[in-house]
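Structural overview for review
Read off the chains here:
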Amino acid sequence: MIIAKPRCAELGFVGDIEKVVAPAVGYLVEGGPEMIKDGLYAKRLGYVSREESMNSIPSPDRYIAGWHTSLAILPPDMYKEEHPLWYFGESQLCLTAGGNAEERDAMLAEVARIMYEGLKSDSNLWNISFSQMDGSSFCSCTACSEIYTKYSSRSSVWLIACNELVERVDQLFANDGITREYRINFFVYSSTQDCPVM
């Protein structure tokens, strides 16, 4: 799992991407309820529950479950007509907005606002997800493809976006005079399983 806002000290840099790679058996999320029924077994393997790892984000106008969250945070029926560049087909976001810097800025500003409002509304919420939707599809626009090539990984666009979201959410808290611990994470699997490298 690659974590955008680290709570551990193992911090590295790959090009201009800040990253943390959690130890292979240091932070695991159970993939099904049968894996965590025995508390001692789960503890020995280092498993945490889904509730501990990826929480739902409170929102007054949409349901954002803790797992595949990108299209729950930015539902196409709410945004796509005005912001078509935010989407790759019907199944994923385009995190570069097709190379349009103004649209990308607007997209990340909206995600940060929703995360900030959710975190602010629940002081016990500290671990939230901004993750690709399930499946193996990924954006193939020129701007995203250039980033994939630069870092030899399709997870690079997610890592860049999550690190920027941390900065944006931190700034929103700072504007209110609040210091707040939280973590933004994203799924690394299937088409995004390779770690970015130079």
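If you're wondering where the values come from, they're calculated on a predicted model, not measured in any experiment.

This brings us to the packing of helix H5 (residues 101-121) against helix H7 (residues 156-175). Look at H5 against H7: their axes get within 9 Å of each other, and the N-to-C directions meet at 55°. Here H7 runs oblique to H5, going by the angle between their axes. Like other packed secondary-structure pairs, H5 and H7 cross with a definite hand, here right-handed. Every residue of H7 that contacts H5 at Arg104, Asp105, Leu108, Ala109, Val111, Ala112, Arg113, Met115, Tyr116, Leu119 and Lys120 is listed here: Ile160, Ala161, Glu164, Leu165, Arg168, Val169, Leu172 and Phe173. A breakdown of the residues in the contact of H5 with H7 according to their chemical character gives 13 nonpolar, no polar and six charged.

So, on to the confidence of the model for the protein chain. When pLDDT is averaged along the protein chain, the result is 78; 69% of the residues meet or exceed 70. Every residue in residues 1-27 scores below 50 in pLDDT, and together they form 68 contacts with partners more than four places removed in sequence or on other chains.

Before going further, it helps to examine the nonpolar core. Core analysis: the largest hydrophobic core is formed by 42 residues, its most contacted members being Ile73, Leu74, Met115, Phe130, Val169 and Ile184. The set of elements that each furnish at least two residues to this core consists of helix H3 (70-73), H5, helix H6 (142-151) and H7. Among the elements that take part in this core, H7 stands out by supplying nine residues, more than any other. Excluding anything up to four places from it in sequence, Leu74 contacts Tyr79, Trp86, Tyr87, Leu93, Met107, Glu110, Val111 and Ile114.

Right, let's talk about the packing of aromatic side chains for a bit. Centre-to-centre distance and the angle between the planes together describe a pair of aromatic rings. Taken as a whole and judged by the stated rule, the model has five aromatic pairs. Pairing Phe130 with Trp158 gives two aromatic rings, centres 5.2 Å apart and planes at 55°, and the pair type is tilted. Taken as a pair, Phe130 in the loop between strand E7 (127-129) and H6 and Trp158 in helix H7 lie far apart in primary sequence, 28 residues in all. Here Phe138 and Tyr148 contribute two aromatic rings whose centre-to-centre distance is 5.9 Å and whose plane-to-plane angle is 80°, an arrangement assigned as edge-to-face. On the criterion of sequence distance, the pair formed by Phe138 in the loop between E7 and H6 and Tyr148 in helix H6 is long-range, its members being 10 residues apart. What links up through ring pairs into an aromatic cluster is the set Tyr116, Phe173 and Tyr182.

Rules of the game
Residues numbered from 1 in each chain as written. Predicted model: local features only at pLDDT ≥ 70, side-chain atom pairs only at ≥ 80, totals over all residues. Heavy atoms only, no water. Axes fitted to C-alpha atoms, helices over the stretch in contact; angles between N-to-C directions. Helix = DSSP H or I, 4+ residues; strand = E, 2+ residues; numbered from the N terminus. Parallel < 35°, antiparallel > 145°, perpendicular 65-115°, else oblique. Left-handed = near helix turned anticlockwise from the far one by under 90°. Contact = heavy atoms within 4.5 Å. Nonpolar A, V, L, I, M, F, W, Y, C, P; charged D, E, K, R; others polar. pLDDT = per-residue confidence, 0-100. Core = buried A, V, L, I, M, F, W, Y, C linked by side-chain atoms within 4.5 Å. Buried < 20%, exposed > 50% of the residue type's maximum accessible area, 1.4 Å probe, protein only. Phe/Tyr/Trp six-rings, centres within 6.5 Å; stacked < 30°, edge-to-face > 60°.

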